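# Observations on chain architecture
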Amino acid sequence: MRKVIGFLLILILLSASAGCLAEDTQGELENDEGDEKRYTFALPTLGRDVDGGSMLDLTAELEQQPILLFWVSSQCQGCHEWAEGIRDSDLNYSLMQPVTIHRYGNFESEDKIMQVYGNNSSDHYSPWPVVTDAHSRLALDFDTREPSELSVVEAFGNLPTPSVILLDKSGNVVWEATSYWYSADQLEEAGEIAAGLGD
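The structure reproduced in this document is the subject of the present report. (Residues numbered from 1 in each chain as written. Predicted model: local features only at pLDDT ≥ 70, side-chain atom pairs only at ≥ 80, totals over all residues. Heavy atoms only, no water.)

Our next topic: the sheet that holds strand 8 (residues 147-151). Remark on secondary structure: sheet strands pair via backbone hydrogen bonds, oriented parallel or antiparallel. Overall, antiparallel pairing links the 3 strands, which are arranged 1-7-8 in an open sheet. Single-partner strands in this sheet number two, and they are strand 1 (39-40) and strand 8. Both strand 1 and strand 7 (residues 138-141) contribute to a ladder of 2 bridges, which runs antiparallel. Each bridged residue has a counterpart across the sheet, and for Tyr39 the counterpart in strand 7 is Asp141. (Pairing = 2+ DSSP bridges. Helix = DSSP H or I, 4+ residues; strand = E, 2+ residues; numbered from the N terminus.)

Each neighbour pair has its own omega, and for Thr161 with Pro162 the value is -10 degrees, a cis peptide bond. Within the fold, Pro162 resides in the loop between helix 6 (152-155) and strand 9 (163-167). One non-glycine residue, Asp133, lies in the positive phi region at around 70 degrees. Mapped onto the fold, Asp133 is located in the loop between strand 6 (130-131) and strand 7.

On to the environment of Phe70. Position of Phe70 among the secondary structure elements: in strand 4 (residues 67-72). Phe70 sits in the buried class, given a relative accessible area of 1%. Residues Phe70 and Ile165, spaced 95 residues apart in sequence, show a C-alpha to C-alpha distance of 6.5 Å. (Buried < 20%, exposed > 50% of the residue type's maximum accessible area, 1.4 Å probe, protein only.)

Our focus in this paragraph is the packing of aromatic side chains. The tally for this structure, following the rule as stated, stands at 5 aromatic pairs. Considering the side-chain rings of Phe41 and Phe156, the 6.1 Å spacing of their centres and the 65 degrees angle between planes classify their relative orientation as edge-to-face. Of the two residues, Phe41 is situated in the loop between strand 1 and strand 2 (42-44) and Phe156 in the loop between helix 6 and strand 9; the sequence distance between them amounts to 115 residues. Side by side, Phe41 and Phe156 carry an identical accessibility label, which is buried. Measuring from ring centre to ring centre gives 5.2 Å for Trp82 and Tyr182, while their planes differ by 85 degrees; the resulting arrangement is edge-to-face. Within this pair, whereas Trp82 is found in helix 4 (residues 77-88), its partner Tyr182 is found in the loop between strand 10 (173-176) and helix 7 (184-197), the two being separated by 100 residues in sequence. Here the aromatic residues Phe41, Trp71 and Phe156 are joined through ring pairs into a cluster of three or more. (Phe/Tyr/Trp six-rings, centres within 6.5 Å; stacked < 30°, edge-to-face > 60°.)

When you tally the buried positions in strand 5 (residues 97-102), you get 6 out of 6 residues, the bulk of the element. Neither face of strand 5 is exposed, since Gln97, Val99 and Ile101 on one face and Pro98, Thr100 and His102 on the opposite face are all buried. In terms of strand pairing, strand 4 meets strand 5 through 6 bridges, oriented parallel. The partner of Ile67 across the bridge, within strand 5, is Gln97. Where the polypeptide runs from strand 4 across helix 4 and back to strand 5, its parallel neighbour, the crossover connection is right-handed. Two strands pair when backbone bridges link them, and strand 5 and strand 6 are joined in this way by 2 bridges, in the parallel orientation. (Right-handed = clockwise from strand over helix to strand, strands pointing away.)

Ranked by internal contacts, the top residues of the largest apolar core, which has 24 residues, are Leu68, Phe70, Ile86, Met96, Tyr117, Val164 and Trp175. For this core, the secondary-structure elements that each account for two or more residues are strand 4, helix 4, helix 5 (110-118), strand 9 and helix 7. Counting residues per element, this core draws most heavily on helix 4, which supplies 4 residues. What Trp175 contacts, discounting residues up to four positions off in sequence, is Leu68, Val164, Ile165, Leu166, Gln186, Glu189, Ala190 and Ile193. Judged by nonpolar contacts, the second largest core, of 22 residues, contains Leu56, Trp71, Val152 and Val153. (Core = buried A, V, L, I, M, F, W, Y, C linked by side-chain atoms within 4.5 Å. Contact = heavy atoms within 4.5 Å.)

Dropping the structure here:
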């Protein structure tokens, strides 16, 4: 009976959080790493100066430095904290480039993402590229650049929000945050790994 009540409580919390995961349940989720296939994408940005153009090509970005790919929704409190923490940190952008990716485009509008992460008067403003349409655009095979049968969201394992992962220049996930709430220690750890990738 306790298991049923616990399960129902988790369902209620998840449905009420609009894309967020409860802090205590995120650690229990595991990515399905069935086939180790690497994917990339070309996705529209919010079109701001800091986005570097109307489209972002992940492969081209990875040729410059590792990418800190940050999966968000507009109402996710952990996402808000991570956005603020990354922005206010001493992150060395020459070691790794943050890219925010909108996770739930089928439920939230691009305007909402612009309001929360793209507007420089927002508390959660992200002064780095923010990309959208991950739910509706096909991921590309990293090696051939051929379209896959998976959306970008699916290709990256249907990650919950917030999810913060570090991709090396070959498109491999080499680090993933384990904390729902922003952690300076975890961001520093990602930076150290990124620094080691340049050696």
